[in-house]
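Summary of the model geometry
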Amino acid sequence: MKLNNKYLMLLALLVVLVALPFIVTNTYYLHLVNLIIVYSIIAIGLNLITGVTGQISLGHAAFWAIGAYTTAYITTTLGLSFWISLPLSILVAGAIGIIVGYFTLHLQGPYLAMATIGIGEITHQVLINWTSFSGGPSGVFGIPTISIFGFEINSEFRFYFFSLLFLVLVYSICKAIVNSRYGRSAIAIRENENAARAVGVNSTKVKILVFGVSTAIAGLAGALYAPWVNYISPENFTFAESLLFLTMIMMGGMGSIPASIVGTTAIVAMSELLREVEQYRLIIYALIIILVIVFFPKGIIGMIPEKFRKGVVYPDFKLQGLGQYSKVIKNRFDEKDKIVLKAEGITKKFGGLTAVNQVNLQVGVGEIRALIGPNGSGKSTFLNCLAGWYEIDGGVFTLENNNITKLPIYKRSKSGIARTFQNILLFNEMTVLENVLVAINEKNKREKQLVQDAYEILEFVGLLDKANEKVSNLPYGHQRSVEIARALALYPKILLLDEPAAGMNDTETAELMDLIYRIRDKGITVIVVEHDMKLVMGIADFITVLNQGQILAEGTPLDISKHEDVIKAYLGKEAVNAVS
Amino acid sequence: MFIQQLIAGLAMGSIYALVAMGFTLIFKSMKLVNFAQGDLFMMGAMFGYTFYSIVGLPLVLSIIGGMVLSFLLGALFERLALNPLKNAPEMSLLLVTVATGILLQNLAKLIWGPDTLPFDTFSEVQTVTLGGVSIRTQDIVIVVVTILAVSIFHYFFQYTQFGKALRATSMDRQTASAMGINVRVMILLAIAISSTFGGLAGMLIAPVYFVYPTMGVMIGLKAFIASVIGGLNHIYGALIGGLFLGLMETFVSGYISSAYKDIVAFVILIVVLRFLPSGILGKKAINKV
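Scope of this entry: the structure provided in the associated data block. Not measured: the values here are computed from a predicted model.

Scanning chain B for helices and strands turns up 11 helices and 2 strands. When its helices and strands are written in sequence order, chain B yields α-α-α-α-β-β-α-α-α-α-α-α-α. Scaling as 2.2 N^0.38, a compact globule of 289 residues should have a C-alpha radius of gyration of about 19 Å, and chain B matches this with 19 Å. Each of the three principal axes of chain B carries a C-alpha extent, and together these read 60 × 45 × 35 Å. Here chain B holds 289 residues, and 55% of them are scored as buried. Across chain B, every contact between residues at least 6 apart in sequence was considered, and the portion connecting residues at least 24 apart equals 75%. For chain B, the accessible surface area stands at approximately 12000 Å², while carbon and sulfur atoms represent 68% of it. Taking the average location of the 16 positive side-chain charges in chain B and that of its 10 negative ones, the two points are 16 Å from each other.

This is how it looks when you write it as structure tokens:
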């Protein structure tokens, strides 16, 4: 029945869309409807990069202009067909987007916003000055209408159906992207780019590609726009238009594809209503934007109660095969003497301070290794060097014969080093299952299989019943477990835990210890930085003590608890008693 | 010719530097790119115009009055638009600054009209000739006043209790708050000071470019580029970035073509973002987790 309902809704929507131009016979109003369609296409593309991926673009009008001018030039000056100019418009806008992305998206922060303002302005100036291409400030006149085998798209009525097809196409493509694993990576980047990289997402590449798609869509809208209005000039495509698109998606709801259309409709309607009071129009417009941001930060779509908005629906868990995280690299306990990680002469300086100084370390397969030491001794710094967050000033990391010293973070994660963070970093707006799915992104597996794998990992850490909850709603202890589950989804060789017991009570700590044992039993090496001496002395096979960036002592918990220097530098009497 | 260009470039650069320092101050204290900065600059010019050309106050009083009003406008902006959003995502804040910019521009249009308003030069002498080179007096005024303003700010920022609290806030809000500094007041102050800098710059440039509601749009964007060039994490980076940009622009339009004058800044921006993302003064950022 549910399925039928869905089709019924779609049918109703179709009837409304087809009937609309027969009801709205006033050419001016139909023109506005068409404007909503063209703007919606751009807004959807913009929402993909800004709402979904979290990278603000303040220059989308430029890409719209690039599409429009490419089509205008090809169809007017060169006299070629729209069907040649359409793909070229998309291509050129997309390619320029990718180049701009390459220059800016390797950075985290508002840099795309800055660069896109620049692109907007450069495009505007080039269009004014490059007269042979753009016709200069006066623009291009007499752009021929689109013709499909002689059928001219020469009225608002015909353009309505023509452009609507493209809107449906763009809508479907973007919706599919958002619901795919690429969409998941993109959302993960928006939620927490550092965490995304830590679970193997090549965030720079994803951001550049999404931006390319987004600008290509703006190019498409431009290609439709130019032959529709027959005349374009640089003044159609200014910073103000770029802002307009941004307010549309803000108004509708960031990150939601349907909301882009809602927001566009609201803004176009609002501008139209305010035409009556022309001189106050922009003032009222600006005030409304401010009020919406302050009082309805999630836009119009956000006013709908959460229960009526459903996210992606994933299949249920079916226990299959061995269960219990069975796909972990085969039990490697027989290789216990093998070295999995070798660190040689690792040195890290911050300005004049040497935080890690010539540290050598060897860790075996299936070993639990604790790194302890007083605050500022370089434990966390060492961990961050190993995971790729800090560029080291000297030394080599070798993971099973592979030199990983120069690998970027996301590649290190994929090569087998997974981590958790001191201050939990999760993808807050995503569910527990989705958090794991971001990490489990294996190229040659089907989505269905990935979901089942993710369920198995959740079962392993004891979070199966929380799979569909938003992580931001979970209590602290569970959030820590989600982080571990997400790290395990990388099927790592080494798991780095950065103060996993911080803020936990005794029961939670005991559960954590149990989990660490079970992870170790799968043959995964665990390196843990921790201050809780009960935990460290209880679970570690081997302890490395750091002090002032150097190794002070190494040995079994028993050795360490008796080591005089260690007691003096760090442990005190209490911990010694904990062991004996 | 070269000397002339140099002085003109320094003058333009000073304007960028003043507005850019405001940018950087806000960015450092609340990690916000304030897109209304250019319009605060415009409002300063409008205030100055009102006192000087409409009310007829003496020049110095007009400028001081304009600065006071700019300061209050900045404070109002923080109270009404930014403070309610203190826990909102970055993007909401950014869009609010954008909307505030549009609001100010159109309010200005309503109050002072859409036309260009003339602003008398500060001195009756238009140009002075030094060693055979004639230089616009306003350029000299701009450079001198900028040096003065930056020096006063430097003293305040480095040596007074308020300045120290402001610096602490811009380095680490949480720690500053834990030290008993009222962070919200400091942010209010930072924004009000940026607005004052913008306003002063607006009044300084007014005799050269006159006053109109959209005069801040381009200057705002360029000042912001100047901040990035200098390094957004360094308050005096804005100074260096501003002067650099002003000189580059003047030389390009003087020796190559004035048609592409406005593009220079944006090309520099994109190149800097790729190859020197922390700017001239900035150190390579460490990604703390």
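Residue and element names in this part refer to chain A. Applying the stated criterion to the full structure yields 36 aromatic pairs over all chains. Ring centres of Tyr69 and Phe133 lie 6.3 Å apart, and the angle between their planes is 35°; this geometry places the pair in the tilted category. Of this pair, Tyr69 sits in helix α3 (residues 60-77) while Phe133 sits in helix α6 (residues 131-134), placing them 64 residues apart in sequence. With 5.6 Å between their ring centres and 85° between their planes, Tyr102 and Phe103 make a pair best called edge-to-face. What makes Tyr102 partly exposed here is its relative accessible area of 46%. Three or more aromatic residues link up through ring pairs in this structure, and these residues are Tyr39, Trp64, Tyr69, Tyr73, Trp130, Phe133, Phe159, Tyr225, Trp228, Phe237 and Phe245. Over the face of the ring belonging to Phe427 we find Arg486, whose NZ or CZ atom lies 4.8 Å from the ring centre. Over the face of the ring belonging to Phe460 we find Arg518, whose NZ or CZ atom lies 4.9 Å from the ring centre.

Facing the 46 residues of chain A at the interface are 40 residues of chain B. Summed over both sides, the interface of chain A with chain B buries roughly 4000 Å², with 80% coming from carbon and sulfur. Area buried by chain A at its contact with chain B is led by A:Phe103, A:Met114 and A:Ile283, which between them contribute 14% of it. Our count for the contact surface shared by chain A and chain B stands at 0 salt bridges. One can count 1 residue pair in polar contact (both at pLDDT 80 or more) joining chain A with chain B. For the side of chain A that touches chain B, the secondary-structure elements that each account for two or more residues are α4 (82-104), α5 (111-129), α9 (193-198), α11 (239-252) and α13 (281-295) of chain A. In terms of residue count, the dominant contributor to the side of chain A that touches chain B is α5(A) (11 residues). Classifying every residue of the side of chain A that touches chain B by side-chain character gives 31 nonpolar, 11 polar and 4 charged.

A few words now on the pairing of strand β12 (residues 550-555) of chain A. Residue and element names in this part refer to chain A. Where strand β11 (residues 542-547) lies against β12, 5 bridges are found, and the strand directions are antiparallel. Residue pairing for β12: Val545 is matched across the bridge by Ala553. Hairpin remark: β11 followed by β12, antiparallel, with 2 residues in the connecting loop; positive phi at Gln548, about 50°.

In this section: the pattern of salt bridges. Under the counting rule described, the total for this entry stands at 18 salt bridges over all chains. The salt bridge partner of B:Lys222 is B:Glu249, with a shortest N-O separation of 3.1 Å. Remark: B:Glu249 occurs in helix α10 (residues 237-255) and B:Lys222 occurs in helix α9 (residues 215-230); sequence separation between them is 27 residues. Each of A:Glu367, A:Arg369 and A:Glu554 takes part in one network of salt bridges that share partners.

All right, on to a nonpolar patch on the surface then. Where nonpolar side chains cluster on the molecular surface, the patch consists of B:Ile240, B:Phe244, B:Met248, B:Val267, B:Val271, B:Phe275, B:Leu276, B:Ile280 and B:Leu281 and spans about 740 Å² of accessible area. Taking relative accessible area as the criterion, B:Ile280 reaches 43% and is therefore assigned partly exposed.

Residue and element names in this part refer to chain A. Counting buried positions along strand β9 (residues 494-498) yields 5 of 5 residues, so the element is predominantly enclosed. Relative to β9, strand β8 (residues 417-419) runs parallel, the two being bridged by 3 bridges. Looking across to β9, one finds that Ala418 is bridged to Leu495. Sheet analysis places β9 next to strand β10 (residues 525-529), joined by 5 bridges and oriented parallel. Across the sheet, the residue bridging to Asp498 is Val529, located in β10. Taken together, β9, helix α19 (residues 506-521) and β10 form a β-α-β motif whose crossover is right-handed.

Before going further, it helps to spend a moment on α19(A). Residues and elements named next belong to chain A. With 16 residues, α19 should cover 22 Å at 1.5 Å per step; its first-to-last C-alpha distance of 23 Å lies within 8% of that length. At the N-terminal end of α19, a side-chain oxygen is found 3.2 Å from the backbone nitrogen of Thr507, two or three residues along, and the residue is Asn505. Phi turns positive one or two residues past the end of α19, at Gly523, with a value near 90°.

Attention now moves to helix α10 (residues 203-229) of chain A. All names here are of chain A. The end-to-end C-alpha distance of α10 is 39 Å, a good match for the 39 Å that 27 residues give at a rise of 1.5 Å each. Along α10, 22 of the 27 residues are buried, which leaves the element largely enclosed by surrounding structure. At the exit of α10 stands Asn230, carrying a positive phi of roughly 65°.

Residues and elements named next belong to chain A. Sheet architecture is open: 6 strands sit in the order β8-β9-β10-β5-β11-β12, paired in mixed fashion. Of all the strands in the sheet, the pair left with one neighbour each is β8 and β12. Going from strand to strand, the sheet's axes swing by 20° on average, the running direction of each strand aside.

Here is what the cut-offs are and how they apply
- Residues numbered from 1 in each chain as written.
- Chains lettered and ligands numbered in written order.
- Predicted model: local features only at pLDDT ≥ 70, side-chain atom pairs only at ≥ 80, totals over all residues.
- Heavy atoms only, no water.
- Helix = DSSP H or I, 4+ residues; strand = E, 2+ residues; numbered from the N terminus.
- Rg over C-alpha atoms; globule rule 2.2 N^0.38 Å.
- Buried < 20%, exposed > 50% of the residue type's maximum accessible area, 1.4 Å probe, protein only.
- Contact = heavy atoms within 4.5 Å.
- Areas by Shrake-Rupley, 256 points an atom, 1.4 Å probe, with all protein chains shown as cover.
- Lys, Arg positive; Asp, Glu negative; His and termini not counted.
- Charge placed at Lys NZ, Arg CZ, Asp CG, Glu CD.
- Phe/Tyr/Trp six-rings, centres within 6.5 Å; stacked < 30°, edge-to-face > 60°.
- Lys NZ or Arg CZ within 6 Å of the ring centre and 35° of its normal.
- Buried area = accessible area lost by both parts, 1.4 Å probe.
- Salt bridge = Lys/Arg side-chain N within 4 Å of Asp/Glu carboxyl O.
- Polar contact = N/O pair within 3.5 Å; in protein donor to acceptor, adjacent residues only side chain to side chain.
- Nonpolar A, V, L, I, M, F, W, Y, C, P; charged D, E, K, R; others polar.
- Pairing = 2+ DSSP bridges.
- Patch = residues over 30% accessible without salt bridge, like charges linked within 9 Å, V, L, I, M, F, W, Y side chains within 5 Å.
- Right-handed = clockwise from strand over helix to strand, strands pointing away.
- Expected span 1.5 Å × (residues − 1).
- Axes fitted to C-alpha atoms, helices over the stretch in contact; angles between N-to-C directions.

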